[in-house]
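Structural characterization, general
Chain by chain, the residues run as shown.
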Amino acid sequence: LAGKNFRRVLEGFSTKYDYIFLESAAINQFADARELAPYVDKVVAVFDANESLNSTDRESIDFLQNLNGKFMGGILNNVDLKNLS
């Protein structure tokens, strides 16, 4: 998409598709997720059950919660079914 108007590309897709899913790198490591936020209707975060939250994670969660209603919730990935009760 380099050199193209990203918003226009998404608008073109929206005439053909009901849902458009964008995936980005981890919000803590790269700015991609933060840069895509203005272009989307909703944001869903994916968390790894094997990782503990650190201060950087908390800053990212604060960012998500301040997206003016765009943050839809989270998905917990890599859950060990033995740990569910």
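Within any chain, residue numbers begin from 1 and follow the written order of that chain's sequence. Only residues with pLDDT of 70 or above have their local features reported here, since the model is predicted, and side-chain atom pairs are shown and tallied only from 80 upward, although totals for entire chains, interfaces and linings are computed over all residues. Side-chain numbers here rest on the full set of heavy atoms in the structure, without hydrogens or water.

Description of the packing of aromatic side chains
Aromatic rings from Phe, Tyr and Trp, taking only the six-membered ring of Trp, are treated as a pair when their centres fall within 6.5 Å; an angle between ring planes under 30 degrees marks them as stacked, one over 60 as edge-to-face, and anything in between as tilted. Counting across every chain of the model gives three aromatic pairs. An angle of 90 degrees between the planes, with centres 4.9 Å apart, marks the rings of Phe 6 and Tyr 39 as edge-to-face. Of the two residues, Phe 6 sits in helix α1 (residues 6–14) while Tyr 39 sits in the loop between α2 (32–36) and β1 (43–48), which places them 33 residues apart along the sequence. When a residue's accessible area, from a 1.4 Å probe over protein chains only, is under 20% of the maximum for its type it is buried; when over 50% it is exposed; and in between it is partly exposed. Residue classification places Tyr 39 among the partly exposed residues on the basis of a relative accessible area of 32%. Here the aromatic rings of Tyr 19 and Phe 21 are separated by 6.5 Å at their centres, their planes lie at 25 degrees, and the arrangement is stacked. The burial state of Tyr 19 is the same as that of Phe 21; both residues are exposed. Both a distance and an angle decide whether a charge sits over a ring: NZ of Lys or CZ of Arg must be within 6 Å of the ring centre and within 35 degrees of the ring normal. Above the face of the Phe 63 ring, Arg 34 is positioned so that its terminal group lies 4.4 Å from the ring centre. Each helix is a run of H or I in the DSSP string that is no shorter than four residues. Each strand is a run of E no shorter than two, and both are numbered from the N terminus.

That's the geometry; what it means functionally is another story.
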